[in-house]
Amino acid sequence: MNSKKILLDHGSGGAASRELIETVFLPGLANPILSLFEDSAVLTVGSTRLAFTTDGYVVDPIFFPGGDIGKLAVHGTINDLAMQGADPIGLSLSLIIEEGFPMDDLERLAGSIAEASQFSNVPIVTGDTKVVPRGKADKIFITTSGVGVVPDRITLGSGSVQPGDAVLLSGFMGDHGVTIMSAQAGLSIESSIVSDTAPLHAMVSALLKQAPEAIRCLRDPTRGGVATILCEIADKSKVQIEIDEKNLPVRPGVNTACEMLGLDPLYLANEGKCIAIVDSDAAEELLSVMQKTIEGKDAQIIGTVQAPESKTRHGRVILNTIIGGTRIVTPLSGEPLPRIC
Amino acid sequence: MCLAIPMRVNEVLGEQGDPLSFPVAIVEEEGLRKEVRLDIVDRWPDIGDYLIVHAGYAIHTLEAGEAETNLKLMREMAEHVTGKNI
Amino acid sequence: MLPEKISEGFRDRELAKKLTERIHENVKGPLRIMEVCGTHTMSIFRHGIRSLLPIDVELISGPGCPVCVTSGGDIDQIIELTEVPGIIIATFGDLLRVPGSKGKNLATARAEGARVEIVYSPVDALKIAESTDQPVVFPAIGFETTIPVIAATVLEAKQKNISNFMLLIYHKVVPPALNALLSDPELALDGLLCPGHVSAIIGEQAYEPLVEQFRIPCVIAGFEPLDILSSIYMLARQVRNNEARVENSYGRVVSREGNPRAREIIEQVFEPCDASWRGLGDIPGSGLKLRKEFKNHDAKLYFGLTSNYVPEPRGCRCGEILTGKVKPPECSLFNSRCTPTNPVGPCMVSSEGTCAAYSKYGEI
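Residues numbered from 1 in each chain as written. Chains lettered and ligands numbered in written order. Predicted model: local features only at pLDDT ≥ 70, side-chain atom pairs only at ≥ 80, totals over all residues.

Here we take up the overall build of chain C. The secondary structure content of chain C amounts to 16 helices and eleven strands. Computed over the C-alpha atoms, the radius of gyration of chain C is 21 Å, within 12% of the 21 Å expected from 2.2 N^0.38 for a compact globule of 364 residues. Seen through its principal axes, chain C has C-alpha atoms that stretch 60 × 45 × 40 Å. By residue count, 62% of the 364 residues in chain C fall in the buried class. Restricting to contacts in chain C with at least 6 residues of sequence separation, those with at least 24 account for 77%. (Helix = DSSP H or I, 4+ residues; strand = E, 2+ residues; numbered from the N terminus. Rg over C-alpha atoms; globule rule 2.2 N^0.38 Å. Buried ≥ 20, exposed ≤ 12 C-beta atoms within 10 Å, placed from the backbone. Contact = placed C-beta atoms within 7 Å.)

Listed below in structure tokens is the structure:
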């Protein structure tokens, strides 16, 4: 839809979101750092490189199995910094609260944010609070920004991936996406699936310590899922990525929920997972490092990077299906919706 | 057109043919529990049966044995054992 | 021994390989098979089945996408209703992005302030109606798998006297459409891959008259990879032996007589009428309407709606795609002016649309 108004699809993290940014914002804002579209921007200050990122959190419901909007906000921004290899040094916390929001809920969220910050060892160093009249915001919106220090000699990027590299995924896909969909009204499914929201900087730190030169790119597959991120990487690095369905870690319950609702786990949001593309010589050892961490205990090698078939055919992601067939994986176009057909 | 999946029956709530209630089965599959309506099902399910669930309603009841038979016939066909209908 | 999760047994790699070999052995020339059902189209792509088949097998998508075959005029009707103040449209997710003729869809209507709720089941739509005084309208699309579900919901609404729950009935039934397709001399098919869950309701028996009249091999198929591969093998085998009969590879779900209880409930609530199919045109007796005792749940009556004829957008070839005459890449708008984010016709945006499948799953 060449829409005159913003649609939910514009916020889904897929092609519609991308189109929105490229047509509305990029023309006026374009600069070399922004145009890289990485999870964090890397700014050079003297001899130090700082990673800087920001994210808004509008999830509904605000409390869900496995977490809440506060935890999500802390972990999400820490993870964006970690994806550039940065060591997070501080977060900002900005709240927009709807008039009438229960004080108990706010205290509960404050506690959760404090806990997430302490557990991650990343302080919240500045903040802001605004209240808007009833109806002008949906309960509470949170924006967190973060700053981190990128260690010397670490340069990660979606454009740095090479043929021959291995693709690692740190754990089960789709937990967060299914949790949120199940919790929303109209999809009355009870499930034991919980959100996977978690900070990943400790795991990333362990990976970088083990084999810093071997890691090309780290990305966290949030909105748009693993499929969309792999397509972006394949496009930026001008390669082809091949993944194996039998190696994709998906919880059985998530598979069932997806089958029931007509969703695909490859496109569902993850909030505590990371894709790592690494030199294949270091793949097994890095997998092992991941698996020794709590966040990465279910990590798998899910595929390989290849040279594209031709100059014009880069950016393809190919899936070897469970029965030995092949198909192409494309990026998410809009908001995943449950379907009956 | 046809999105429906088999789910195992854990419990049946309500009586067959009771015009005042709307019987449901509680189905479970790998940690997912759901209420499924039995208004249009062909055979009243027992616990342990499977229901084919479409848009929150059961459209067919089957026993695990029937699925086994279906698979067995496919296997025979794949290995050239029989040319019968499966 | 099947795992507790039954479907997994029907994804066995070894068996898939063997069935593929059997197919290769039995395909001796071009084999044009129509997959009637959009869920089959999606499943075939999802599991990469085309990549395993001999090059002579052509799988052609058909009109089995209830959203895609809903006429432009009917889609406009749904979108126009969003302008009624206070109305709530409760709908299956499938309809959300389907474009109307005036450049709007339910998603844009929602952005303009209309209340559009996505539901997984009509039970949820009924719950919304119970929680409010506002009119709640449910656009009812779908073939025989979904029709009894809607019928059951109408019965419940009547019994509980939920007078603010209304439906826009756009249901269509499959056999008359198959008849129309098979009567078209331009569409030369060697076999039909028949929709497994529609067949669970109508039974194997429903295809017997078609086979008798048109001598076309029919195999009823489920949706797991082995279901589809075994069915393609059975079709290839029939063609090779010069046979034409109804075979059922989905025995665990489909029987000869189908689901009589479901058909009884359909009969209680609906009666046949003529319907206009996008792509196929008017097909007598292929639609359903509410019987008069349920008329107070009929949104078309309540809001005095009429359906206008709406021509296809310029360049849109959805009609030909739905009748298997053209493949999506042959449409000049495909993936250029018509994309999943900016669709021109329903085939691109419906979750089961052929163009959506080709666009999402691409080609190897």
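Let us now look at the overall build of chain B. Along chain B, the regular secondary structure elements total one helix and five strands. Reading the helices (α) and strands (β) of chain B from amino to carboxyl end gives β-β-β-β-β-α. Taking as baseline every contact in chain B between residues at least 6 positions apart, the subset at least 24 positions apart corresponds to 27%.

A separate point is the nonpolar core. Proteins that are soluble and globular tend to have nonpolar side chains buried together. In this structure, Val167, Leu168, Leu230 and Ala276 of chain A together with Leu51, Ala58 and Ile59 of chain B are the most contacted members of the largest nonpolar core, which totals 247 residues. With nine residues, helix H11 (residues 225-240) of chain C is the largest single contributor of residues to this core. Taken together, domain 1 (31-150) and domain 2 (166-329) of chain A each give at least three residues to this core, which thus spans both. If near-sequence neighbours (up to four positions away) are discounted, Ala58 of chain B is found in contact with Ala25, Val36, Arg37, Leu38, Val41, Leu51, Ile52 and Val53 of chain B. (Core = buried A, V, L, I, M, F, W, Y, C linked by C-beta atoms within 7 Å. Domains from an automatic or database assignment.)

Between chain B and chain C, the contact holds 38 residues from the first and 49 residues from the second. Going through the elements one at a time, strand E1 (5-13), strand E4 (50-54), strand E5 (57-62) and helix H1 (64-78) of chain B are the ones with two or more residues in the side of chain B that touches chain C. Take the side of chain B that touches chain C: its biggest share by element is eleven residues, from H1 of chain B. By residue class, the composition of the side of chain B that touches chain C is 22 nonpolar, six polar and ten charged. (Nonpolar A, V, L, I, M, F, W, Y, C, P; charged D, E, K, R; others polar.)

Most of helix H16 (residues 354-361) of chain C is tucked away: eight of the eight residues are buried. The complete set of buried residues in H16 of chain C reads Thr354, Cys355, Ala356, Ala357, Tyr358, Ser359, Lys360 and Tyr361 of chain C.

Turning our attention to the interface of chain B and chain A. In this complex, chain B contributes twelve residues to the contact, which on the side of chain A involves 16 residues. When its residues are assigned to classes, the side of chain B that touches chain A shows five nonpolar, two polar and five charged.

Moving on, we get to the packing of helix H2 (residues 69-82) of chain A against helix H3 (residues 103-120) of chain A. Relative placement of two packed helices is described by the angle separating their axes and the distance separating the axes. Residue and element names in this part refer to chain A. Where H2 contacts H3, the axes come no closer than 7 Å and their chain directions differ by 30°. Here H3 runs roughly parallel to H2, going by the angle between their axes. Once H2 is placed against H3, the crossing between them reads as right-handed. Two secondary-structure elements touch here, H2 through Ile69, Gly70, Lys71, Val74, His75 and Ile78 and H3 through Leu109, Ser112, Ile113, Ala116, Ser117 and Ser120. By residue class, the composition of the contact of H2 with H3 is six nonpolar, five polar and one charged. (Axes fitted to C-alpha atoms, helices over the stretch in contact; angles between N-to-C directions. Parallel < 35°, antiparallel > 145°, perpendicular 65-115°, else oblique. Left-handed = near helix turned anticlockwise from the far one by under 90°.)

All names here are of chain C. The five strands lie next to each other as E2-E1-E7-E8-E9, forming an open sheet whose pairing is parallel. Edge strands, defined here as strands with exactly one partner in the open sheet, are strand E2 (57-64) and strand E9 (246-248). Strand-to-strand twist of the sheet, defined as the mean angle between neighbouring strand axes without regard to direction, takes the value 25°. When strand E8 (residues 218-221) meets E9, the two strands line up parallel, connected through three bridges. Residue Val219 lies in a different strand from E9, and its bridge partner there is Glu247. Where H11 meets the sheet, it contacts strand E1 (31-37), E2, strand E7 (191-195), E8 and E9, and its direction lies at approximately 170° from that of E8. (Pairing = 2+ DSSP bridges.)

Residues and elements named next belong to chain A. Among the residues making up helix H8 (residues 283-291), those that are buried are Ala283, Leu286, Leu287 and Met290. Angularly, the buried residues of H8 cover 105° about the axis, an arc narrow enough to put them on a single face. Facing away from the buried side of H8 by over 90 degrees, the exposed positions are Glu284 and Ser288. The inward-facing, buried residues of H8 contact strand E8 (166-169), helix H5 (201-210), strand E12 (275-278) and strand E13 (300-306). (Arc of directions from axis to C-beta.)

Within a sheet, neighbouring strands are paired by backbone hydrogen bonds and run either parallel or antiparallel to one another. Residue and element names in this part refer to chain A. Spatial strand order, E1-E2-E7-E5-E6: five strands in an open sheet with mixed pairing. On the outer flanks of this sheet lie strand E1 (41-45) and strand E6 (124-132), each paired with one strand and no other. Neighbouring strand axes in the sheet, compared pairwise and without regard to direction, differ in orientation by 20° on average. Note that strand E5 (residues 87-98) and strand E7 (residues 140-150) share ten bridges and pair antiparallel. The residue bridging Ser94 from the neighbouring strand is Thr143, located in E7.

Before going further, it helps to spend a moment on unusual backbone geometry. In this model, Asp60 of chain A is joined to Pro61 of chain A through a cis peptide bond whose omega is 10°. Looking at the secondary structure, you find Pro61 of chain A in the loop between strand E2 (48-57) and strand E3 (63-64). One non-glycine residue, Lys139 of chain A, lies in the positive phi region at around 65°. Of note, Lys139 of chain A is situated in the loop between E6 and E7. Lys139 of chain A gets classed as partly exposed once you count the C-beta atoms within 10 Å, which come to 18. Within the chain, Ala55 of chain B stands out as a residue other than glycine whose phi angle is a positive 50°. Mapped onto the elements, Ala55 of chain B comes out in the loop between E4 and E5.

With that out of the way, let us pick up the packing of helix H6 (residues 122-130) of chain C against helix H7 (residues 147-159) of chain C. All names here are of chain C. For the pair H6 and H7, the least separation of the axes is 9 Å and the interaxial angle reads 25°. By the angle between their axes, H6 is roughly parallel relative to H7. Classified by chirality, the crossing of H7 by H6 is right-handed. Every residue of H7 that contacts H6 at Pro122, Val123 and Leu126 is listed here: Val149, Ile150, Thr153, Glu156 and Ala157. Residues that form the contact of H6 with H7 fall into these classes: six nonpolar, one polar and one charged.

Residues and elements named next belong to chain A. Summarising the sheet, E1 and E2 pair through five bridges and their orientation is antiparallel. Counterpart to Leu43 in the pairing with E2 is Leu50. Linking two consecutive strands that pair antiparallel, namely E1 and E2, is a turn of two residues; a positive phi of about 65° is found at Gly46 within it. Examined bridge by bridge, E2 and E7 share nine bridges and lie antiparallel to one another. Note on E7: the bridge partner recorded for Phe52 is Val147.

The subject of this paragraph is the environment of Asp76 of chain C. The topology assignment puts Asp76 of chain C in helix H4 (residues 72-81). A count of 19 C-beta atoms within 10 Å places Asp76 of chain C in the partly exposed class.

Okay, the confidence of the model for chain C next. Looking at chain C as a whole, its pLDDT mean stands at 93, while 99% of the residues score no less than 70. With pTM at 0.91, the complex prediction returns an ipTM value of 0.92. (pLDDT = per-residue confidence, 0-100.)

This paragraph deals with the confidence of the model for chain B. When the pLDDT values of chain B are averaged, the result is 88; 90% of them are 70 or greater. The least confident element of chain B is strand E3 (residues 32-37) of chain B, whose mean pLDDT is 90; the most confident is E5 of chain B, at 97.

The next point concerns the pairing of strand E4 (residues 115-119) of chain C. Residues and elements named next belong to chain C. In this sheet, E4 lies alongside strand E3 (residues 88-92) in parallel orientation, the contact comprising five bridges. Of the residues in E4, the one forming a bridge with Ala90 is Glu117. Following the backbone out of E3, through helix H5 (residues 106-111) and into the adjacent parallel E4, one traces a crossover that is right-handed. (Right-handed = clockwise from strand over helix to strand, strands pointing away.)

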